[in-house]
Amino acid sequence: MKESPTNLAWFSDSASTNPGKFFDPSGTASATTNGPIGGAVYFSGDNDYIKITNKAAFELGKTNTISFWLMKWPASSGYWVSKGDRNNEGWAVKRSGSYQAIWGGGSVSLNGAERSDWGWWNTNWYYVAASIGGGTMNIYVNGVLDASKAESGGLAGTSASFAIAAQCAPDNGDNPLNFFTGAIDEVRASSDVHSSNWI
C-alpha cells in the first residue's frame, strides 16, 4: 500500500497493477501518518476507506496469505481488510467485539485469541497475517501463531470490491460498511501460503 499527499492512496502488488481510491468524505483521515515502514494511512472511522474495484486476483480460494500492519483498535468490531464477507460470499480479516481477530468468510472462518492489549488506548503497531492452505487456517500476530485450525475448504468468490478499513458487499450496492478507526500500513495479498518463518 502506497500513500499520496493528494488525498488518494493505492494498494499495489509487486507489479503496481492494483490501484485503489482513498475515500474520505469528511476530510478527517490522513494519508501521511507515520507507519512502521514509511507512511501509513489513518482512518477516522467515519466513512473513510480504500476501495479497489473487483478483480479476479483477489479471489483467494483455498491458498493465500493476507498481511498488514495495524495500529489503534476500536472499541467495537470493525473490518481491516475484506472482499465481501456477506451471505457466505467473500472473506475478511476483521476484529470482533471481544478483542480478537476473525479471518475467513461464511463457514470457513477462524477466531483468534482474545487479547487484553487490543484497545483504543493502544498506540503500538501490530503485524497481522492470516493464511489458508494445506488443510490449515492460521492467524499470526507479530510473527507468533495466534490461532490455527484444520480447514479443507476454501474462501467463496464474490463480485465485491477489495476494501481496506471497511466492508463492501454486492447486496449493499458495493457501498462501504463497518468502518475501522486506526492506522493500516503495508497491506499484502498473496496466492501463496507463507510459512511462520516467512511471516
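About the thresholds
Residues numbered from 1 in each chain as written. Predicted model: local features only at pLDDT ≥ 70, side-chain atom pairs only at ≥ 80, totals over all residues. Heavy atoms only, no water. Core = buried A, V, L, I, M, F, W, Y, C linked by side-chain atoms within 4.5 Å. Buried < 20%, exposed > 50% of the residue type's maximum accessible area, 1.4 Å probe, protein only. Phe/Tyr/Trp six-rings, centres within 6.5 Å; stacked < 30°, edge-to-face > 60°. Helix = DSSP H or I, 4+ residues; strand = E, 2+ residues; numbered from the N terminus. Pairing = 2+ DSSP bridges. Axes fitted to C-alpha atoms, helices over the stretch in contact; angles between N-to-C directions. Polar contact = N/O pair within 3.5 Å; in protein donor to acceptor, adjacent residues only side chain to side chain. Contact = heavy atoms within 4.5 Å. Salt bridge = Lys/Arg side-chain N within 4 Å of Asp/Glu carboxyl O.

## Looking at the nonpolar core
- Counting residues in hydrophobic clusters, the biggest one holds 31 residues, and the most contacted among them are Phe68, Trp80, Trp103 and Ile184.
- The next biggest cluster of nonpolar side chains, apart from the first, holds 5 residues, and it includes Ala163, Ala166, Cys168 and Phe179.

## Details of the packing of aromatic side chains
- Enumeration over the complete set of coordinates arrives at 7 aromatic pairs.
- Ring centres of Trp69 and Tyr127 lie 5.2 Å apart, and the angle between their planes is 45 degrees; on these two criteria the pair is classed as tilted. Of this pair, Trp69 sits in strand 7 (residues 64-71) while Tyr127 sits in strand 12 (residues 125-133); the two residues are 58 residues apart in sequence, bridging distant segments of the chain.
- Geometrically, the ring pair formed by Trp91 and Trp103 is edge-to-face, given 6.2 Å between the ring centres and 70 degrees between the ring planes. With Trp91 in strand 9 (residues 89-95) and Trp103 in strand 10 (residues 101-105), the pair connects residues that are 12 residues apart, well separated along the chain.
- The structure contains a cluster of three or more aromatic residues connected by ring pairs, namely Phe23, Tyr49 and Phe179.

## Focus: the sheet that holds strand 10
- Pairing is antiparallel across the open sheet formed by 7 strands, whose spatial order is 3-6-15-8-9-10-11. Every interior strand has two partners, whereas the edge strands, strand 3 (21-23) and strand 11 (108-111), have only one. Each strand axis lies, on average, 15 degrees off the axis of its neighbour in the sheet, ignoring direction.
- Looking at chain direction, strand 8 (residues 78-86) and strand 15 (residues 162-164) are connected through 3 bridges and run antiparallel.

## Things to note about the pairing of strand 6 (residues 49-52)
- Both faces of strand 6 are covered, namely the face carrying Tyr49 and Lys51 and the face carrying Ile50 and Ile52.
- Direction of pairing for strand 6 relative to strand 15: antiparallel, over a ladder of 3 bridges. Its bridge partner being in strand 15, Lys51 is matched across the sheet by Ala163.

## Let's talk about the side chain of Ser82
- Note on placement: Ser82 falls in strand 8.
- Here Ala166 takes part through its backbone oxygen, which lies 2.8 Å from a polar atom of the side chain of Ser82.
- Not counting residues up to four positions away in its chain, the partners in contact with Ser82 are Trp91, Ala92, Ser161, Phe162, Ala163, Ala166, Gln167 and Cys168.

## Topic: the pattern of salt bridges
- On inspection of all chains with the given rule, the structure shows 5 salt bridges.
- The shortest N-O distance in the salt bridge between Asp85 and Lys94 comes to 2.9 Å. As far as burial versus exposure is concerned, Asp85 and Lys94 are alike and both buried.
- Among the salt bridges present, the one from Asp171 reaches Arg86, with a minimum N-O distance of 2.8 Å. Linking Asp171 in the loop between strand 16 (167-168) and strand 17 (176-177) with Arg86 in strand 8, this pair joins segments that are 85 residues apart in sequence.
- Among the residues examined, Arg86 registers a relative accessible area of 30% and is labelled partly exposed.

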